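An overview of the molecular structure
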Amino acid sequence: MRIFFTLILYFLTNSIHLNAHELWLEAKQYQVEKGNKIIIDIKVGQDLIGESYPYLNQETEKLILQTQDGQNSLNQTDGDYPAIQQNLEKSGTNYISYQSNKEFLEYKDYKTFLEFTHDYDLNYNKDNKDIPKEIYQRFAKIIFNYEKGKFFKSKPNLEFEIINQNNPYENDISQIQILLDNQPFKKKKFIVFFRNNDEFKKQIYETDENGFAKIKSSKEGLYLISAVHLETLNFVEKMKYKADYYSKWASLTFRKN
């Protein structure tokens, strides 16, 4: 069965990755009772609608569980579906962080690339009208509350990440900071996706000089905060990767019930 899902992923990767934007972590439960295992899907898609992927070691650079006591690297079984299945031991806030390996992408046309850059207000080489080739990497995080314990702010452990400054499960305004290489992602636009049953909302925000922002999170439903950094590769990197750009995608998910 595991091999079956791995083969499915191979064929989906060659279709969905070319047409979908966001990768995020989505769970069955976010407020977890004692004794319940957390079940997490790695999802790829757009507007909080996407396909679930099994866990693949070859696509994973980091998988980390962080609690108040510190952090530990997690080992999952190659090909597991759902992707991440983990028992929690420490009450309070628990974070799962996922960092993918670099992947290669060639856009199907120039228009698709322009739509992507427009969504996130990204800078790119306007003189080059060729269909772009790109190296991309995903940095995803999800927040759990185990046994209704205390909230704590996560410490940076990814190259590009979104850090909640307060408890989104207890506040109608969620305060965040976005960091790129441990430095503020300042004066940059990012997108918050929200979905609950038939309701869907997509809203653009902007960080301040220190990478901070406040988002509305009063409604019950699933929230995905998504930020993107696009870098034009220099000559040496272009030769190395056979690509024009390097994009990094950060996401943070939580669900209010």
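Relevant structure appears above.
Residues numbered from 1 in each chain as written. Predicted model: local features only at pLDDT ≥ 70, side-chain atom pairs only at ≥ 80, totals over all residues. Heavy atoms only, no water.

In this fold, Q66 is placed in strand 5 (residues 60–67). Ignoring sequence-local partners within four residues, the contact set of Q66 consists of Q71, T93, N94, Y95, F152, S154, K155 and N157. (Helix = DSSP H or I, 4+ residues; strand = E, 2+ residues; numbered from the N terminus. Contact = heavy atoms within 4.5 Å.)

What follows concerns the side chain of D41. Within the secondary structure, D41 is located in strand 3 (residues 38–46). If near-sequence neighbours (up to four positions away) are discounted, D41 is found in contact with W24, L25, E26, K28, S52, P82 and A83.

Let us now look at the pairing of strand 5. Of all 8 residues making up strand 5, 6 are buried, and the element is well covered by its neighbours. By the bridge criterion, 6 bridges tie strand 5 to strand 8 (residues 92–100) in an arrangement that is antiparallel. Looking across to strand 8, one finds that T60 is bridged to S100. Both strand 5 and strand 6 (residues 70–73) contribute to a ladder of 4 bridges, which runs antiparallel. Residue pairing across strands places Q66 opposite Q71, the latter belonging to strand 6. Where strand 5 hands over to strand 6, the hairpin turn is made up of 2 residues, counted between the paired strands. (Buried < 20%, exposed > 50% of the residue type's maximum accessible area, 1.4 Å probe, protein only. Pairing = 2+ DSSP bridges.)

Along helix 2 (residues 110–120), the residues that are buried comprise Y110, T112, F113, F116, T117 and Y120. Projected down its long axis, helix 2 carries its buried residues within an arc of 165 degrees, all on one side. Of the exposed residues in helix 2, the ones pointing more than 90 degrees away from its buried face are K111 and H118. Where helix 2 is buried, its residues touch strand 1 (22–27), strand 10 (133–146), strand 14 (189–196), strand 17 (221–232) and strand 18 (245–256). (Arc of directions from axis to C-beta.)

On to unusual backbone geometry. Negative phi is the rule for most residues except glycine; trans is the rule for most peptide bonds. Here the bond from Y81 into P82 is cis, since omega is 0 degrees, no more than 30 degrees from zero. The phi dihedral of L48 is positive, around 60 degrees, even though this residue is not glycine. Residues other than glycine seldom take positive phi values, yet K187 does so here, at roughly 55 degrees. Here K187 is to be found in the loop between strand 13 (183–184) and strand 14.

With that out of the way, let us pick up the packing of aromatic side chains. Counted under the stated rule, the structure contains 17 aromatic pairs. Clustering of aromatic rings is evident, with ring pairs tying together Y107, Y110, F113, F116, Y120, Y124, Y245 and W249. Of note, K126 hangs over the ring of Y124, and the distance from its end group to the ring centre comes to 4.5 Å. Residue placement shows K141 over the ring face of Y95; its charged tip is 5.7 Å from the ring centre. (Phe/Tyr/Trp six-rings, centres within 6.5 Å; stacked < 30°, edge-to-face > 60°. Lys NZ or Arg CZ within 6 Å of the ring centre and 35° of its normal.)

So, about a nonpolar patch on the surface. Taken together, the side chains of F235, V236 and M239 make up a nonpolar region of the molecular surface, amounting to roughly 360 Å² of accessible area. Within the secondary structure, M239 is located in helix 3 (residues 235–241). (Patch = residues over 30% accessible without salt bridge, like charges linked within 9 Å, V, L, I, M, F, W, Y side chains within 5 Å. Areas by Shrake-Rupley, 256 points an atom, 1.4 Å probe, with all protein chains shown as cover. Salt bridge = Lys/Arg side-chain N within 4 Å of Asp/Glu carboxyl O.)

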